[in-house]
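This is what each chain is made of:
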Amino acid sequence: DILLEIENLDLAYDTPRGTLKALDGVGMSIRAGETVAVVGESGSGKSTVALSVMGLLGSEATLSGSIRYQGRELVGMPAEARRLLRGRAIGMVFQDPFTSLNPSLTIGEQVSEPLVFHHGMDKRAALERSIAALGEVGLPDPAALVTVYPHQLSGGMQQRVLIATAIVCDPKVLILDEPTTALDVTVEAQILDLLDRLRRDRGLGMMFITHNLGVVNRIADTVCVLYAGRLIERGAKNAVLGAP
Ligand code: ADP
Ligand code: ADP
């Protein structure tokens, strides 16, 4: 039941000052229902791993190695197939809800977009599915919520909308890049509870990027530690962090 398997991933960025090796032989795997925390100091390559899995790297990046989703190789996959898989199979939530939400779309349009875009679903059906997803992430009165704009919502509610957008196509893997860093601690705890519930209810495999060891303790099964683009440690949470 391995959903995602990364092997020997090397990545170099072409920069004005030469080549920067951002990942060097990185490997990790994610099973259904497993939360893998990816930790490491700023610049260690955490976001680069996430972008590699999502297929969202710019042309300045050169990637080699293997990223398999349910046995299918993603490295070198043609862009269109990659785009479909990104929307349908692997959802992503970024750090900052304020910059991730499009201010000119209603909540309904925002959550519906992947369904319309990736599945060609008609807008009415997509809106129905979106309302269900907004309910699943614990937002009150989802049928009324679809007509409001992001600025009318709190940061925590906005992050729930982004999680709804990421799960609306029923992906099996969720990539979360510092999804609670912009939130206060109370809201952070609520979002972690929500993610844990979604993992259990849907059997999602999660890659959770964070620099917060409290968050790792709360949510991770497995911990991967990156240092300067290399995976320096990987194992069960208690083995890596020490028993609580
Ligand atoms: P982290 O998420 O752990 O902070 P990143 O994956 O963002 O680390 O970055 C890893 C390294 O790659 C850093 O040295 C960063 O400056 C560099 N880097 C990231 N993106 C690019 C890019 N598009 N072009 C050039 N260098 C980049
Ligand atoms: P493109 O690279 O052409 O923008 P993407 O695959 O990045 O295509 O996005 C496709 C559509 O899915 C976009 O309209 C985007 O707004 C929407 N979308 C928004 N959030 C997510 C998410 N977390 N996971 C998947 N799709 C998303």
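Residues numbered from 1 in each chain as written. Chains lettered and ligands numbered in written order. Predicted model: local features only at pLDDT ≥ 70, side-chain atom pairs only at ≥ 80, totals over all residues. Heavy atoms only, no water.

The name given to the chain in an unreviewed UniProt entry is ABC transporter domain-containing protein, with the source organism recorded as Skermanella stibiiresistens SB22.

> Help me understand the packing of helix H4 (residues 107-119) against helix H7 (residues 155-167), please; the structure alone is not making it clear to me.
Any two packed helices are characterised by the angle at which their axes cross and by the distance between the axes. Their axes nearest at 7 Å, the elements H4 and H7 cross at an angle of 30°. Judged by the angle between their axes, H4 and H7 are roughly parallel. The two elements H4 and H7 cross, and the hand of that crossing is right-handed. Contacts between H4 and H7 involve Ile107, Gln110, Val111 and Pro114 from the first element and Val161, Leu162, Ala164 and Thr165 from the second. Classifying every residue of the contact of H4 with H7 gives six nonpolar, two polar and no charged. (Axes fitted to C-alpha atoms, helices over the stretch in contact; angles between N-to-C directions. Helix = DSSP H or I, 4+ residues; strand = E, 2+ residues; numbered from the N terminus. Parallel < 35°, antiparallel > 145°, perpendicular 65-115°, else oblique. Left-handed = near helix turned anticlockwise from the far one by under 90°. Contact = heavy atoms within 4.5 Å. Nonpolar A, V, L, I, M, F, W, Y, C, P; charged D, E, K, R; others polar.)

> Can you help me understand the site of ligand 1 in this one?
Near ligand 1, the surroundings consist of 13 residues, among which Gly43, Lys46, Ser47, Thr48 and Glu60 are the closest. A distance of 3.0 Å is found between an oxygen atom of ligand 1 and a backbone nitrogen or oxygen belonging to Gly45. Lys46 is positioned such that a nitrogen or oxygen atom in its side chain is 2.9 Å from an oxygen atom of ligand 1. Elements represented by at least two residues in the shell around ligand 1 include exactly strand E1 (2-15), strand E2 (18-31) and helix H1 (46-54). Broken down by element, the shell around ligand 1 gets its largest block of residues, three residues, from H1. (Near = heavy atom within 4 Å. Polar contact = N/O pair within 3.5 Å; in protein donor to acceptor, adjacent residues only side chain to side chain.)

> Before we go on, may I ask you to explain the sheet that holds strand E3 (residues 35-39) in this structure?
In a beta sheet, neighbouring strands are held together by backbone hydrogen bonds and run either parallel or antiparallel to one another. If you walk across this open sheet you meet the six strands as E6-E7-E8-E3-E9-E10, and the pairing is mixed. At either end of the open sheet lies a strand with only one pairing partner, and these are strand E6 (90-93) and strand E10 (230-236). Sheet twist, expressed as the average angle between the axes of neighbouring strands with direction ignored, equals 15°. Pairing of E3 with strand E8 (residues 205-209), which is carried by four bridges, proceeds in the parallel orientation. By the bridge assignment for E8, Val36 is matched with Met207. Against the sheet, H7 makes contact with E6 and strand E7 (173-177), and its axis sits at roughly 165° relative to E6, the strand it touches most. (Pairing = 2+ DSSP bridges.)

> Quick question: what am I supposed to make of the site of ligand 2 here?
Inspection of the region around ligand 2 gives Arg83, Arg86, Gly91, Met92, Glu113, Pro114, Phe117, His118, Thr165 and Ala166 as its neighbouring residues. One of the side-chain nitrogen or oxygen atoms of Arg86 is found 2.9 Å away from an oxygen atom of ligand 2. Met92 places a main-chain nitrogen or oxygen 2.6 Å from a nitrogen atom of ligand 2. When the free accessible area of ligand 2 is taken as 550 Å², the share hidden by the protein chains comes to 67%. Among the secondary structure elements, those contributing two or more residues to the shell around ligand 2 are helix H2 (79-89), E6, H4 and H7. At four residues, the largest contribution of residues to the shell around ligand 2 is made by H4. Partitioning the shell around ligand 2 into residue classes produces four nonpolar, three polar and three charged. (Areas by Shrake-Rupley, 256 points an atom, 1.4 Å probe, with all protein chains shown as cover.)

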